[in-house]
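# Architecture and fold: a report
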Amino acid sequence: MRPKTITVIASQDVGYRCLSWLLQKKYPVTQVFLGTMDDLEIERLCKQHEIECAVFTDEGLLRSNDCTWLLSLWNPNLISSLGLAKAQFRLNLHPALVPYCRGNDTAAWAILTGVPTGVSLLEMDSDVDTGDIWAQRPLEVTGTTNGSSLLSRMKAELIELFQAEWPTIFSGSIIPKPQTERLSAYTRRQTNENRVRKIEDFQGAEELFVWLRAHDFAPRSTAELEIEGSRYSATLALRRLSQ
């Protein structure tokens, strides 16, 4: 029986922390692709452990060795069907409670739509976040949660869920479950279109309040409100008063 091997595509802080944990626990990571050329911490980590490392391209993945597992750890890139076929099993970290909020900008859309939210470990297939579910964890969203705070919690919960469930998944003790519904996936274009609105578009203060919370990722990004022909960056500043 051939030994198990793991190929990782990792990016940003979530990818770094998950990969670092895998290496600490001595999992058989044999090659790593950086999500972007800016993932220098991950590159340094690979050099420390003498692991082959390159910036991700689908062509590079196709030229790489076949593997037992392909792990997409906060990877921003699309992987072709041929690339997915390089692995026997595939796992993706997704910041949403699928089948709700597939696609991009899930923290914003979870708040905008009010659907159940959480995080998921998914088997990757050729569609957008439609793969079978390895594990999930729900999250509570309160009436004051904004996009930035929800995304931070999603990241932390994804790391915790991955570390908690991966040993059982890797051992083959878990069989992933199919998703029950086939809901549409959100795109970055939809997010950007929704992020800019006119003040007269809103039916009341509650709708405006939810919209402002959903798109509040300050200072990186905010909602933009058009008032009398001028556009304003709009955020909420909430401070709880003592009771």
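Anyway, here's the lowdown on the structure attached to this text. All values derive from a computational prediction rather than experimental measurement.

## As for the sheet that holds strand β8 (residues 133–139)
- On the basis of which strands lie adjacent, the open sheet formed by 7 strands has the order β3-β2-β1-β4-β5-β7-β8 and mixed pairing. At either end of the open sheet lies a strand with only one pairing partner, and these are β3 (52–55) and β8. Averaged over all pairs of adjacent strands, the angle between their axes in this sheet comes to 15 degrees, without regard to strand direction.
- In the sheet, strand β4 (residues 67–73) pairs with strand β5 (residues 87–94) via 5 bridges, with the strands oriented parallel. Looking across to β5, one finds that serine 72 is bridged to asparagine 92.
- Sitting on the sheet, helix α6 (residues 147–171) touches β1 (6–10), β4, β5, β7 (117–122) and β8, and the angle it makes with β7 is about 35 degrees.

## So, the packing of helix α5 (residues 106–113) against α6
- At a minimum axis separation of 8 Å, α5 and α6 run at an interaxial angle of 120 degrees. It follows from the interaxial angle that α5 and α6 lie oblique. Crossing hand, α5 versus α6: right-handed. Residue-level contacts link Thr106, Ala107, Ala110 and Ile111 of α5 to Gly147, Leu150, Leu151 and Met154 of α6.
- Looking at the contact of α5 with α6 residue by residue, the class counts come to 6 nonpolar, 2 polar and no charged.

Conventions adopted
The residue numbering used here restarts from 1 in each chain and proceeds along that chain's sequence as written. Given that the model is predicted, a residue must reach a pLDDT of at least 70 before its local features are reported, and side-chain atom pairs must reach 80 or more before they are shown or counted; all residues, however, enter totals for whole chains, interfaces and linings. Computation of side-chain values: all heavy atoms of the structure, hydrogens and water removed. Strand pairing requires that DSSP identify at least two bridges connecting the strands. Only DSSP runs of H or I with at least four residues qualify as helices, and only runs of E with at least two residues qualify as strands; both kinds are numbered from the N terminus onward. Axis lines are fitted to C-alpha atoms, over the contacting stretch for helices. Their N-to-C directions set the angle, which ranges from 0 to 180 degrees. Contact between two residues is taken to exist if any of their heavy atoms lie within 4.5 Å; hydrogens are not considered. Reported orientations rely on four angle classes, namely roughly parallel under 35 degrees, roughly antiparallel over 145, roughly perpendicular from 65 to 115, and oblique for the rest. A clockwise turn of the near helix away from the far one marks a right-handed crossing, whereas an anticlockwise turn of less than a right angle marks a left-handed crossing. Three categories are distinguished: nonpolar for Ala, Val, Leu, Ile, Met, Phe, Trp, Tyr, Cys and Pro, charged for Asp, Glu, Lys and Arg, and polar for the others, with Gly belonging to the last.

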